[in-house]
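Given next are the chains, with one letter for each unit.
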Amino acid sequence: MAPYTPLALLLALFSSLVLSALGSPFLPVPTQLAQLTRPGAVVARRQDDAQPVFPEQPPSCPICAQNFGSIDSCAQAAPVLANFSMIIFNPGAFIDVIKCACADTFQSAYPQCVDCFTQTNQTQFLNSDNLPSVVEGLRNVCALESTLLGGAATADGEFTPTSSGSVARNGGQKARPSCATPAPSRKRAWVPGSVTNMYSAAKRRRMSFADDVDRDFRARTPELEAGGKVNVADRFISAPKDMIIPLQTTPRTQRIAKVFGLADERVLKYTDTNLEPSTNSFLGRHRFNYYQLLKKPHKVAPTSAEAHLGARKQFILALDGPGIPSDLFAYPISWSARNSIAVACGKDVYYQNLDTRAISHLFKLPPNRGKLITIEWSQKEPNLLTAGTSSGDIQLWDTDATAQVRRWQEEALVDVGGMSWCDRVLAVGLGDGMITLYDTRSPHPIGRIESHKDKVHGLRWRHDGNYLASSDQQGVVQIWDARASKSLSANDRWRSKMKHNAPVKALAWCPWKPELLATGTMYPDGKIRIWNINTTPAAAPATQLITLNTSVTSLLWSPHSKELLSTHGMSWQPRAGASESCPDFPHDVGPNSRARRARDRERPMSVKTPLTNSLTVHAYPSLRRVVSVPAHTGAVGHSCLGPDGTKVFTICPVEEAMKMWQVWGVAEAGQRRESVFDKCTIR
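S.K.: An account of the state of the cysteines is needed here, citing residue identities and associated values.
M.R.: Scanning all chains against the criterion turns up two disulfides. Each sulfur in the disulfide pair Cys61 and Cys116 lies 2.0 Å from the other. Across the disulfide from Cys61 to Cys116, rotation about the S-S bond amounts to roughly 100°, and the bridge is consequently right-handed. Of this pair, Cys61 sits in helix H4 (residues 60-77) while Cys116 sits in helix H7 (residues 104-119), and the two are 55 residues apart along the sequence. Judged on exposure class, the residue Cys61 and its partner Cys116 are both buried. Cys64 shares a disulfide with Cys113; S-S distance 1.9 Å. Torsion about the S-S bond of the Cys64 and Cys113 cystine: about 100°, corresponding to right-handed handedness. Highlighted residues: Cys64 in helix H4 and Cys113 in helix H7, separated in sequence by 49 residues. Comparing Cys64 with Cys113, the two get one shared label, buried.

Next comes the structure, spelled out in structure tokens:
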């Protein structure tokens, strides 16, 4: 190999490839050499039909035994690779031997057979007296062949030689292929193109890779023998080459490689061409290190519920509430701006100052006044508390004087639903679908809205007092514009009705984005909808939807972070579509009728999920579930937000208890930089 430089070898192999493609070999073919380089002819010269023996030791013998039958014919022709000088005499036949011997199966099995037969004195089966030089030449030649021809085989030796040198001229009969193949070839097609050098010879850099390729191949041979071919079943990472031998290329060799299909301009491959997952340890480390580079540390905002409720997941205070109304549509708890929590227990109203922990009894209903349904503190005057009963009796009390200020009585004697304060105006929802407006300075109602056709469960004024949202038993939500006049009427409705598939009790206006309104439905819908009243067209669906399949009893927006809190009751598994899960049937349908049985089959099935009886926080606008904790053993009836906007009280009629939770935090006030205008004054 000494008289020939790597450049001469490269030109010789390239010229032989062109001659083989043209089908007209111009070099003479010596008879003896041609017979030696044809694997079939070499096998025919073996005089004995003895078979090799593969003992259990050394370990290379069992490995050789698995593939010896498929590499036997190529192994007899492999010794010609030990002498590079033979390429000058017959380049076409030399390429045929390369394509057979450089298959992946042969490269991995032949060194094992050399080691096995050398230690067991069976070297006669490999037709060579100097096997180490054959292995050395095989590695060098295959490295050079992989550079020029793009790899003659894929995994498991899937290649069949097709050049003119592999055809024996014995009576016109074709010799069998020089290497047995179990599957059809999957090689790259040769693309014709110009490989003319675009630069002058003075500027052309020489390619010197033989020593580097041999050194790198020696270093990676143990890994290849242990793990096999490198698997490229990896997505979104730089795909390694089929042969992991590095190529030190120049611009000219890159152009040649593109013509022969050896170079791919794509850096990332998004398709998996392998049937089996990657098991190579080298790629496993590569994938892990790449993931660590792209991984971003998860940062939790100090105001988020994940930093407070998610870290503790426990209540910080529990209070008893005997006689709490069992109706989930009731409002038996309210939190004032003075940090006092009031609760309706049967016919009595109590409140506790959470700063001093002093408990006070405010009043008790007479026997003929029904039972307490709703209580609500005034935000403008935190000493005023209003209470509504099941008989339409509405009372206004002053907690400082422990005296009743006003009392309003509905003529229809209907039960009271939701209530909401705006300055001195109190909006009251009634059981007949009426909304009545009261002023603390007037003994009579100042306005009525007749639009709902069923009991009004929810009422919420927006923080600026410009809009009032109302909801009823039939799932209809309406918004009323209070900017036109001080007294609302049916003509002041903003846009059209927002329809739901179940009763709606939970309503919440967003404090930091006033146009957002969140609504929550009960059984059998169980969804949270977020509406934008400025951009949502008439009769259009909600802007965002959270499907929970759980009753939503209350909603609270955080004033410090972009998060929405919801409390829940029972959960279910729907058996039909959302609008068909509980269809409406005539009221006179008998209990044993076919329609009633069909209705029972379509009803959702009650199940227990992580959201059942829970307190859950959702992020906005991603709607990601930040944290969810089980709040009570029964359904959460209602919740209210504290004056600091960080704590929440929940109440459960089944437990007859109230719990306080630290849900959010307050952002730290940053120091204001001193301005030059602070040092100067205008005279």
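S.K.: Please give an account of the sheet that holds strand S12 (residues 434-439) that cites residues and values.
M.R.: Pairing is antiparallel across the open sheet formed by four strands, whose spatial order is S10-S11-S12-S13. With one partner strand each, in any of the chains shown, strand S10 (416-422) and strand S13 (447-450) form the two edges of the open sheet. Put simply, the sheet's adjacent strands are angled 20° from each other on average, direction ignored. Where S12 and S13 come together, four bridges link them in antiparallel fashion. Looking at S13, one finds that Met434 is bridged to Glu450.

S.K.: Let's hear about the packing of aromatic side chains: which residues, and what values?
M.R.: Using the criterion set out here, one finds 10 aromatic pairs in the structure. Ring centres 5.9 Å apart and planes at 80° place the aromatic pair Phe315 and Trp661 in the edge-to-face group. Pair noted here: Phe315 is in the loop between helix H12 (305-312) and strand S1 (317-320) and Trp661 is in strand S29 (residues 657-662), with a separation of 346 residues, a long-range link. Judged by its relative accessible area of 2%, Trp661 falls in the buried class. Arranged with centres 6.0 Å apart and planes meeting at 50°, the rings of Trp512 and Tyr620 form a pair that is tilted. Highlighted residues: Trp512 in the loop between strand S18 (504-509) and strand S19 (516-521) and Tyr620 in the loop between strand S25 (614-619) and strand S26 (625-630), separated in sequence by 108 residues. Tyr620 sits in the buried class, given a relative accessible area of 14%. A network of ring pairs unites the aromatic residues Trp512, Trp557 and Tyr620 as a single cluster. The ring of Trp509 is capped by Arg462, whose NZ or CZ atom sits 5.8 Å from the centre of that ring. Above the plane of the ring of Tyr331 lies Lys505, whose end atom (NZ or CZ) is 4.8 Å from the centre.

S.K.: Which residues make up the side chain of Asp348, and what values go with them?
M.R.: The residue Asp348 is located in strand S4 (residues 348-353) in this model. Among buried charged residues, Asp348 stands out as having no salt bridge; its nearest opposite-charge side chain is Lys364, 4.6 Å away. Within the structure, the side chain of Asp348 is placed 2.8 Å from the side chain of His361, a separation counted as a polar contact.

S.K.: Now, about the sheet that holds strand S9 (residues 403-409): what can you tell me, with residues and values included?
M.R.: The sheet built from four strands is open, its strands ordered S6-S7-S8-S9 with antiparallel pairing. The sheet terminates laterally at strand S6 (372-377) and S9, the two strands that pair on one side only. Here the strands of the sheet are splayed against their neighbours by 20° on average, with no regard to which way each runs. Two strands pair when backbone bridges link them, and S6 and strand S7 (residues 384-389) are joined in this way by five bridges, in the antiparallel orientation. Bridge pairing links Thr374 to Gly388 in S7.

S.K.: Describe the side chain of Thr567, with residues and values.
M.R.: Within the fold, Thr567 resides in strand S23 (residues 563-573). A relative accessible area of 0% means that Thr567 is categorised as buried. Here Thr553 takes part through its side chain, which lies 2.7 Å from a polar atom of the side chain of Thr567. At 2.4 Å, the side chain of Thr567 forms a polar contact with the side chain of Ser554.

S.K.: Kindly report on a nonpolar patch on the surface, identifying the contributing residues and their values.
M.R.: Taken together, Tyr290, Leu293 and Leu294 make up a surface patch of nonpolar side chains, about 330 Å² in accessible area. By the secondary structure assignment, Tyr290 is in helix H11 (residues 281-294). Given a relative accessible area of 31%, Tyr290 falls into the partly exposed group.

S.K.: Can you explain the environment of Arg448? Please cite residues and give values.
M.R.: Its location among the elements puts Arg448 in strand S13. At 3.5 Å, the side chain of Arg448 forms a polar contact with the side chain of Glu410. Of note is the side chain of Arg448, whose polar atom sits 3.2 Å from the side chain of Thr436.

Scoring rules and cut-offs
Residues numbered from 1 in each chain as written. Predicted model: local features only at pLDDT ≥ 70, side-chain atom pairs only at ≥ 80, totals over all residues. Heavy atoms only, no water. Disulfide = S-S within 2.5 Å. Helix = DSSP H or I, 4+ residues; strand = E, 2+ residues; numbered from the N terminus. Buried < 20%, exposed > 50% of the residue type's maximum accessible area, 1.4 Å probe, protein only. Pairing = 2+ DSSP bridges. Axes fitted to C-alpha atoms, helices over the stretch in contact; angles between N-to-C directions. Phe/Tyr/Trp six-rings, centres within 6.5 Å; stacked < 30°, edge-to-face > 60°. Lys NZ or Arg CZ within 6 Å of the ring centre and 35° of its normal. Lys, Arg positive; Asp, Glu negative; His and termini not counted. Salt bridge = Lys/Arg side-chain N within 4 Å of Asp/Glu carboxyl O. Polar contact = N/O pair within 3.5 Å; in protein donor to acceptor, adjacent residues only side chain to side chain. Patch = residues over 30% accessible without salt bridge, like charges linked within 9 Å, V, L, I, M, F, W, Y side chains within 5 Å. Areas by Shrake-Rupley, 256 points an atom, 1.4 Å probe, with all protein chains shown as cover.

So yeah, pure geometry; function would need other evidence.
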